[in-house]
Amino acid sequence: MECCCGLLTAEKQPVPLKGIEVELEVKDHVATVVSTLHYDNKEDKAIEAVFVFPLPGDAAVCHFSAKVGQTEIVAEVKEKQEAREEYDDALSSGQQAFLLEESEQSSDIFSLSVGSLPPGESASIRLEYIIELAVQADDALRFCLPAVLNPRYQPQGSEGGGVQVTSVPASQVPYSLSFSARVSSPRQVSKIDSNCSLEPLQYLNAEQSQAVVKLAAGHKFDRDVELLIYYKDAHQPAAVVEAGQVSAKPGTLMGDAVVMLSLYPEFPQAVMSSLASSGEFVFVLDRSGSMDCPINNTKKSETRISSARDTLLLLLKSLPMGCYFNIYSFGSSFEHIFPTSVEYSEKTMEEALKKVKEMQANLGGTEILQPLKHIYNQPCIPSQPRQLFVFTDGEVGNTKEVTSLVKKNSTSHRCFSFGIGEGASTALINGLAKEGGGHAQFITGADRMQPKVMQSLRFALQPAVEDISVTWDLPQGVTAIVLSPPLTAIFQGQRSLIYAQLTGQSSEAKDCFVTVKYNLAGHPTQNQIPFTLQPTEETGLTIHRLSARTVIRSLETEKNNYDLMPFMEREDKKEEEDGVKQKVVELSVQSGVSSSHTAFIAVHKGESSTTQGPLLRQIIPVPSFRNMPQMMCMRSMPISPPNAFHNMPQMMCMQSMPVCPPDGFAGPPPACIAYADCAMGGEMDDLDEEMCYGWTKEIVAPSPPPCMDPLLELVSLQKASGCWPLVKALAAAMEKTSEEVEKPKPAAVSKDVWATILALIWLHGFKADAQDEWQLLAMKAVSWLCAQKASCVAECVAAGNTLLGCEVTKDTLGI
């Protein structure tokens, strides 16, 4: 029998996962996701199916059940090793068992094992998780259903084993997806956008505060599914109280009420208009082989690395005079443009831009830990706050080591992170920003990288928020235990969440208040939110589970810090380390929320019989956008320990189709390659020469450089001070000749002033839709113009409008 998609096991049988149904329910900014996976065993023997798949790194997985025939088995959360042994024992006795576990290395990868599924039998797996939705630059709430899971690079010597991923080209995913979303909010739902085709939005009430939307028919689960949800009135501060679980013990997190506070600070315009003119800006760029992939499926000519180069151009042109900067790039090794950060000037900017233009995705694997260590070992520059900007496609296997390092150094810097392309690790990108007190952005689908990065630069340049404190005004007898880590960063218009457990009782019917105070550019500021102790809406245990997830992640970070200690020091603290792990296990079991130290286990304890012969293990593939199509060799095998993260077959076979060789190699690819190093410690497009049996080195003639975007062409001509020179290239960027540009210049005005006013008119007149990208460098140009105290500015603006055919006013330019 042949599989219609062409993906077969070594025994020429189709993989057993047939389809995935996802139901999304969004209430304001919290999403509940229910995924149902349908398995169908068409074999003549029992099978064990293993599916390693991505979930959002900050999701709280809170339910797992299996339905076989008419019987439903609800899983329990147990300590991970205990759950694995129970699964093993069940399979040995012929019982059906199901195991769901989180990777110990990265919280955004899960393994689902479906054990001893009899011949001809079907099973449906139900998985539920809860997640907070991130706010985007345009006030949209972003939901992403991950589909793509690229192989994670595991540097040699890193803690733990890597995550082995079975992947196929995205176009050959052998299972389909049905997806529906229901959105409700106190405010009107104005629209819902997606990177995938949607059926028309349907409103469920006259106020348009409830709506449903579905994916168009025929969607293959071959890319991340992204929804952008827009409410009519941006986001307002709010407090939601949720009653405790009746069956839980009072005084515990699940037994007490919990409050979730959503803060949306609005800073005074007068303060926000005064951007910082100091800082040490360190840009860290991924140059591993995977960065040579297209940034999305629709624009295959634009690679991740080329988009990153364009973004660095905008960043370097937008930096303020007086700051310091450096640029690191990394792969299997790392490089830096300057030995230490240098003062921003025309000379250093041009030197950096020259080297940025030459950057290619040619540094091998994705080893981000070493460049970060090198940066943190550099002394900070007095009065120049350090700001890290990390650009990566997020394909690393040592996520927890990296985020722990950032947390350890969080008092000396802020970290802004950018996940590029499908499959970027949400655990890494969000973890870098969270632990580094910065902001995370994802660039997927048709997104442009530049506006998102420039928004983060504006965050980095906004006045520092200092001395953050949270105080509670509660009835006598009631106490708030804050569960969230302390607030270390607050950004204009961005949501900050605080979870707190409300212990004790009171007969007072008094209103409660929480007050967040901070200093903004020397100005004392506060936000106050009122709430009552009575639950305002039916939320089930959603807020409790999100709170539990927050505490679990904090404890896991603490546990990971022990893992990174030298052996002798760690031995001395073994009792403390075990105590932290025990707290994680206890809270995970109590709340029913997954952790890296627990697993969901479900066993169908009906009639059982000893399995005759070996189980057929089948590994379910996930889509990948990597250069080399991959498929894990399947084989019949005895029942083995179910840990899919460590005991999967270690042989990778290439499909019988053309593949892209590693960078710089040509010739026929090998038919089969031992994958122990690739799956556990390397990227398929990052193999070194010794591993590329059958490939020969070839010198490839460079292709002609693509035409530069007119906006980037004009921006590339700007000087570090903010002005533009009156040169032939500037005239060409505005589609004029040098004579046409020079002739109308007022005689009393210098060439640089005239050129700078023309550039600003062109930006406002022809690139207004991209203002987010050039706003900061335009502000620098305006500051330069004001410092020149030039005469005839109004005359220049009028002459420039006539020349360029625009109607931009002097006030619009800000001069």
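Computed from a predicted structure; not experimentally measured.

About the criteria used
- For every chain, the first residue of the written sequence is number 1, and numbering continues from 1 onward in sequence order.
- Reporting of local features is limited, given that this is a predicted model, to residues whose pLDDT is at least 70; pairs of side-chain atoms are given and counted only at 80 or more, and all residues count toward the totals for whole chains, interfaces and linings.
- Side-chain descriptors were evaluated using all non-hydrogen atoms of the structure, hydrogens and water having been removed beforehand.
- In this description a helix means any DSSP run of H or I spanning at least four residues, a strand means any run of E spanning at least two, and both kinds are numbered starting from the N terminus.
- Whether a residue is buried, partly exposed or exposed follows from its accessible area with a 1.4 Å probe, protein chains only, as a fraction of its type maximum: under 20%, in between, or over 50%, in that order.
- Only heavy atoms matter for contacts: two residues are in contact if any of them lie within 4.5 Å across the pair.
- Areas reported here follow the Shrake-Rupley algorithm with a probe of radius 1.4 Å; residue values treat only the protein chains shown as occluding.
- Between any two strands, at least two bridges found by DSSP are needed for them to pair.
- Axis geometry follows a simple rule: fit a line to the C-alpha atoms, using only the stretch in contact for helices, then measure angles between N-to-C directions, giving values from 0 to 180 degrees.
- Buried Ala, Val, Leu, Ile, Met, Phe, Trp, Tyr and Cys residues that are joined via side-chain atoms within 4.5 Å together make up what is termed a nonpolar core.
- In these notes the angle categories are as follows: under 35 degrees is roughly parallel, over 145 is roughly antiparallel, 65 to 115 is roughly perpendicular, and the rest is oblique.
- Here is the rule for handedness: rotate from the far helix to the near one, and if that takes an anticlockwise turn smaller than a right angle the crossing is left-handed, while a clockwise turn gives right-handed.
- Under the convention adopted here, Pro, Cys and the residues Ala, Val, Leu, Ile, Met, Phe, Trp and Tyr are nonpolar, Asp, Glu, Lys and Arg are charged, and Gly plus all remaining residues are polar.
- Per-residue confidence from the predictor is given as pLDDT, running between 0 and 100.
- The term salt bridge refers to a side-chain nitrogen of Lys or Arg lying within 4 Å of a carboxyl oxygen of Asp or Glu.
- Orient the strands so they point away from the viewer; a crossover is then right-handed if the path from the first strand over the helix to the second runs clockwise.
- Each polar contact in these results corresponds to two N or O atoms within 3.5 Å; when the atoms are within protein, one needs to be able to donate a hydrogen and the other to accept it, and residues that are neighboring in sequence are counted only if both atoms are side-chain atoms.

Could you give me a rundown of the overall build of the protein chain, with the residues and numbers involved?
If you tally the helices and strands in the protein chain, you get 19 helices and 40 strands. Expressed as a percentage of its 815 residues, the buried residues of the protein chain come to 58%. Excluding contacts between residues fewer than 6 apart, the proportion of contacts in the protein chain whose partners are at least 24 apart in sequence is 75%. As displayed, the protein chain offers around 33,200 Å² of accessible surface, 50% of which is attributable to carbon and sulfur atoms.

Mind laying out the sheet that holds strand 18 (residues 238-242), listing which residues take part and the relevant values?
Picture the strands of a sheet paired through backbone hydrogen bonds; they go either parallel or antiparallel. One open sheet holds the four strands; their spatial order is 18-19-29-28, and the pairing between them is antiparallel. Single-partner strands in this sheet number two, and they are strand 18 and strand 28 (479-482). Across the sheet, the mean angle separating the axes of adjacent strands is 25 degrees when strand polarity is ignored. Here five bridges tie strand 18 to strand 19 (residues 257-263), and the two strands are oriented antiparallel to one another. The residue of strand 19 that forms the bridge with A239 is L261.

Can you lay out the nonpolar core for me, pointing to particular residues and giving the numbers?
Ranked by size, the top nonpolar core spans 84 residues in total, and within it F281, F283, L316 and F391 carry the most contacts. Residue contacts for F281: discarding those within four places in its chain leaves L319, P320, C323, Y324, F325, N326, Q387, F389, L457, A460 and L461. Within the second largest apolar cluster, 54 residues are counted, among which are L24, L112, A181 and Y231.

Could you give me a rundown of the packing of helix 3 (residues 304-318) against helix 8 (residues 449-461), with the residues and numbers involved?
As a packed pair, helix 3 and helix 8 sit with axes 10 Å apart at the nearest point and diverge in direction by 40 degrees. When the interaxial angle is binned, helix 3 and helix 8 end up oblique. In the crossing of helix 3 with helix 8, the sense of the turn from one axis to the other is right-handed. On helix 8, the residues touching R304, S307, A308, D310, T311, L314, L315 and S318 of helix 3 are M449, Q450, V453, M454 and L457. Among the residues forming the contact of helix 3 with helix 8, the class breakdown is seven nonpolar, four polar and two charged.

Now, about the confidence of the model for the protein chain: what can you tell me, with residues and values included?
With 79% of its residues at a pLDDT of at least 70, the protein chain reaches an overall mean of 81. Between residues 1-12, whose pLDDT stays under 50, and residues either more than four places distant or in other chains, the model counts 27 contacts. Scored below 50 in pLDDT, residues 625-704 makes 201 contacts in the model with residues more than four places away or belonging to other chains.

So what about the pattern of salt bridges? Which residues, and what values?
Applying the stated criterion across every chain yields a total of 18 salt bridges. A salt bridge links E132 to R549; the shortest N-O distance between them is 3.1 Å. Within this pair, whereas E132 is found in strand 9 (residues 122-132), its partner R549 is found in helix 9 (residues 542-563), the two being separated by 417 residues in sequence. The class for E132 is buried, based on a relative accessible area of 17%.

Just give me the short version of the sheet that holds strand 27 (residues 465-473), but keep the residues and values in it.
Spatially, the three strands line up as an open sheet ordered 27-30-31, and their pairing is antiparallel. Strand pairing shows two members of the sheet lacking a second neighbour, strand 27 and strand 31 (523-531), which therefore form its edges. Here the average twist between neighbouring strands, direction ignored, is 15 degrees.

I'd like to hear about the pairing of strand 24 (residues 386-392), residue by residue, with values.
With seven of seven residues buried, strand 24 is to be regarded as a mostly interior element. Side-chain alternation along strand 24 places R386, L388, V390 and T392 on one buried face and Q387, F389 and F391 on a second face that is also buried. Here strand 20 (residues 280-286) runs beside strand 24; their pairing, made up of six bridges, is parallel. Counted as the bridge partner of F283 is F389 from strand 24. Sheet topology places strand 24 next to strand 25 (residues 413-420); seven bridges connect them, and they run parallel. Considered in strand 25, the bridge of V390 is made with S417. As for the winding sense of the linkage, the β-α-β connection from strand 24 through helix 6 (residues 399-408) to strand 25 is right-handed.

Just give me the short version of the side chain of T515, but keep the residues and values in it.
On the secondary structure map, T515 appears in strand 30 (residues 512-520). Residue classification places T515 among the buried residues on the basis of a relative accessible area of 9%. At a separation of 3.1 Å, a polar atom in the side chain of T515 contacts the side chain of Q528. Filtering out sequence-adjacent residues up to four positions away, T515 remains in contact with S469, V470, T471, Q526, N527 and Q528.

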